[in-house]
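# Structure assessment
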Amino acid sequence: MMKISPKTATLLVLTALVAITPFFFPSGYYYRVGALIFVNGLAVTGIVILTGYAGQISLGHAGFAGIGGYACALAPVHWGIHPALAVVLGAAISAGLAYLVGRPILRLKGYYLGVATLGFGILVSMVLNNERDLTRGPDGIEVPELGLRAVLKDWGLNLSNGEFWYYFCGLFLIVGAWIALNLHSSPAGRALRALHGSEVAARTVGIDVPRMKLQAFVISAVYASVSGSLLALQNKFITPDVAGFMHSIEMVTMAVLGGVGSVLGAIFGAGILTLLPQVLTVFAEYEQMVLGLVMVLVMIFLREGLLPSILRRLRGRGE
Amino acid sequence: MTREDKATLLSVDGLGIAFGGLKAVNDVSFAVKPGEIVSIIGPNGAGKTTLFNMISGIYQPSMGRVKLSGEDVTGVEPHLLARRGMSRTFQNLQIFQSMTVLENAVTGYHLSEKGPILADLLSLPGSRRRARAAEEGARKLLARVGLDRAAEREAGNLSYGSLKRLEIARALALNPKILLLDEPAAGCNAVETEEIDHLIAEVAASGVAILLVEHDMKMVMRISNHIVVLDHGEKIAEGDPATVSQNPAVIAAYLGADAEVSHADG
Ligand SMILES: Nc1ncnc2c1ncn2[C@@H]1O[C@H](COP(=O)(O)OP(=O)(O)O)[C@@H](O)[C@H]1O
Ligand SMILES: [Mg+2]
């Protein structure tokens, strides 16, 4: 029997989860929760590439989610661009900004990226809050309908709004995971993990360390941007909170909780932290505290994250 | 005396660096030809690793020049030196701990396996082909250093001696013109040391220049074509093994430190 690769296994598990869980949904509401998990999972998959593979930390990734989200709100209205193209436009702007922010910073050694991205996130957040003429400020702004559901209906596939966004975001997550897993075992992914392990050794085998870090940063910014776009499109509304500091911290905590080195683990972390406020209303009130606590506990007890730790435990018993 | 001529691959000329007030390396010069094994010896703290770090672009020298194939490469970044055919190992292991042994070796093929990142993200055939070729090469190199059976293990779990050999495999993967080895046999048992000894001779015989730092004097005396002796950052002697081991200044430096040169007679 051929051994299936970790990549195939991860994709199978993800696809099965997306396809099978709806059979257990007590109500249509859970499609929405599922879609939210997938959107967060997508952003967190970008964090896996940046932090899990390349070992770099961003404290402002929500800024890119904000750009992706507001691209879908503003570009269709102001420039008559189709919302689907606005997703691409948002991703391109995010990639460009990530390049501009990352290029000078990633030449420096140390954790300057964290500080720079923190500033970047705050800046985006401020612009979205204050440029009322354009963004309508803190109250948020409507986002036009994507329109794909109506097209599918014409083709005879009649999905409820909840169902549509569930499967649509699920598809994005699976594709996003596929790309991240491709990268993992590719020459570039290996170079990223190598510079994470030892920068000096990476340099001596010919890896252009600042350039590779920059590529990881840009790619992860695109993930966050698309995630923000999907959020805006499915809610048909967006507020500057999407770009807020708390959202950045949420992304990192989800990834770290589940296991920042593993795509499936990080998505698992996104699942837990998205579900928690839905089942425990107190969580919503104390979110900041809980996130902080989760981070501290994971750092102390589960350095690799929840899923890899569980798998290791299970494997250990199996042997 | 200068050994520098047209055939010279690496030449180091008046190289030096200071940390704070301390001159860790001062005005050191020597040359290495293709296929030659040149050893740098000297007591602990003599400046051997620092010298390697300057030659390989990790430290910026505060004086002197490094020339590779006749071109000035002083202060050139390590990843660009790798392209010009320089590769090295580290005294304090620099292993990619959480990657497998095979992946560590494959990383040495970075320059030949890298391509457009889009091809990697989409796992296009070109990307897979390059990765596969690198993997095949890496497996052969692992067999050469006796690590083929550990290929799938996580590198962090290997013994010190094995990791030393893994670093050699990774460095060889660059197909270098010159290989810098910083204490490759440290932590290895007698059998492993002999294997490394053979490997180095073999690599040199294929035309690769070797710059070696090693504490095992028997090994150094046996395989070196030329020896440079450092003490307190200065070159105190240079010559073939027989000449160097008779040199009073060298004996004094070693007796002053830990009398290691006496192994050479054994
Ligand atoms: N980065 C550094 N900063 C300060 N001092 C250093 C640094 N690197 C080496 N040194 C000093 O330079 C001297 C030579 O060290 P090293 O080159 O490691 O010696 P060797 O390899 O011959 O044992 C030592 O005194 C060491 O403490
Ligand atoms: Mg040393």
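The structure displayed is predicted, hence computed values, not measured ones.

Looking now at the overall build of chain B. Looking only at helices and strands, chain B has 11 helices and 10 strands in total. In summary, chain B has a C-alpha radius of gyration of 19 Å against a globular reference of 18 Å for 266 residues, a match within 12%. Its C-alpha atoms give chain B principal-axis dimensions of about 60 × 40 × 35 Å. Counting over 266 residues, chain B shows a buried share of 57%. Expressed as a percentage of contacts within chain B between residues at least 6 apart in sequence, the contacts between residues at least 24 apart total 68%. The centroid of the 27 positive side-chain charges in chain B is displaced by 7 Å from the centroid of its 33 negative side-chain charges.

All right, on to the domain arrangement of chain B then. Interfaces are often sized by the accessible area lost when the parts come together. Residues and elements named next belong to chain B. If you check the domain split of chain B, you get domain 1 (1-85 + 176-266) and domain 2 (96-174). Between the C-alpha centres of domain 1 and domain 2 the distance comes to 27 Å. Between domain 1 and domain 2, the residue contacts involve 17 residues of the former and 12 residues of the latter. Of the roughly 1200 Å² buried between domain 1 and domain 2, counting both surfaces, carbon and sulfur atoms make up 68%. Across the contact surface, domain 1 and domain 2 share 2 salt bridges. In this structure, Arg 165 engages Glu 192 in a salt bridge whose closest nitrogen and oxygen atoms are separated by 3.2 Å. The tally of links from domain 1 across to domain 2 stands at 3 residue pairs in polar contact (both at pLDDT 80 or more).

Residues of chain A with pLDDT of at least 70 account for 98%, and the chain-wide mean is 90. When mean pLDDT is compared element by element in chain A, helix α11 (residues 209-235) of chain A scores highest at 97, while helix α16 (residues 306-318) of chain A scores lowest at 71.

Now for the sheet that holds strand β8 (residues 209-213) of chain B. Two orientations exist for strands paired in a sheet by backbone hydrogen bonds: parallel and antiparallel. All names here are of chain B. Taking strand neighbours across the sheet as the criterion, the 6 strands line up as β6-β7-β8-β3-β9-β10 in an open arrangement whose pairing is mixed. The open sheet has two edge strands, β6 (86-88) and β10 (234-239), and neither has a second partner. Sheet twist, expressed as the average angle between the axes of neighbouring strands with direction ignored, equals 15°. Taken together, the 4 bridges between strand β3 (residues 37-41) and strand β9 (residues 226-231) define a ladder with parallel strand orientation. Across the sheet, Ile 41 pairs through a bridge with Val 229, a residue of β9. In this fold helix α8 (residues 190-205) packs onto β3, β7 (178-182) and β8, with an angle of close to 150° to the strand it touches most, β8.

All right, on to the pairing of strand β1 (residues 10-19) of chain B then. Residue and element names in this part refer to chain B. Counting buried positions along β1 gives 7 out of 10 residues, so the element sits mostly inside the fold. As defined by bridge partners, β1 adjoins strand β2 (residues 22-32) across 7 bridges and the pair is classed as antiparallel. In the strand pairing of β2, Val 12 is matched with Phe 30. The hairpin turn running from β1 into β2, its antiparallel successor, is 2 residues long, and Gly 20 in that turn takes a positive phi close to 60°.

Right, let's talk about the site of ligand 1 for a bit. Residue and element names in this part refer to chain B. Near ligand 1 the following residues occur: Phe 19, Leu 22, Ala 24, Pro 43, Asn 44, Gly 45, Ala 46, Gly 47, Lys 48, Thr 49, Thr 50 and Tyr 59. Take Gly 45: an N or O atom from its main chain is 2.8 Å from an oxygen atom of ligand 1. Within the backbone of Ala 46, one N or O atom sits 3.2 Å away from an oxygen atom of ligand 1. Protein contacts shield 62% of the accessible area of ligand 1, which totals 560 Å² for the unbound molecule.

What counts and what doesn't
- Residues numbered from 1 in each chain as written.
- Chains lettered and ligands numbered in written order.
- Predicted model: local features only at pLDDT ≥ 70, side-chain atom pairs only at ≥ 80, totals over all residues.
- Heavy atoms only, no water.
- Helix = DSSP H or I, 4+ residues; strand = E, 2+ residues; numbered from the N terminus.
- Rg over C-alpha atoms; globule rule 2.2 N^0.38 Å.
- Buried < 20%, exposed > 50% of the residue type's maximum accessible area, 1.4 Å probe, protein only.
- Contact = heavy atoms within 4.5 Å.
- Lys, Arg positive; Asp, Glu negative; His and termini not counted.
- Charge placed at Lys NZ, Arg CZ, Asp CG, Glu CD.
- Domains from an automatic or database assignment.
- Buried area = accessible area lost by both parts, 1.4 Å probe.
- Salt bridge = Lys/Arg side-chain N within 4 Å of Asp/Glu carboxyl O.
- Polar contact = N/O pair within 3.5 Å; in protein donor to acceptor, adjacent residues only side chain to side chain.
- pLDDT = per-residue confidence, 0-100.
- Pairing = 2+ DSSP bridges.
- Axes fitted to C-alpha atoms, helices over the stretch in contact; angles between N-to-C directions.
- Near = heavy atom within 4 Å.
- Areas by Shrake-Rupley, 256 points an atom, 1.4 Å probe, with all protein chains shown as cover.

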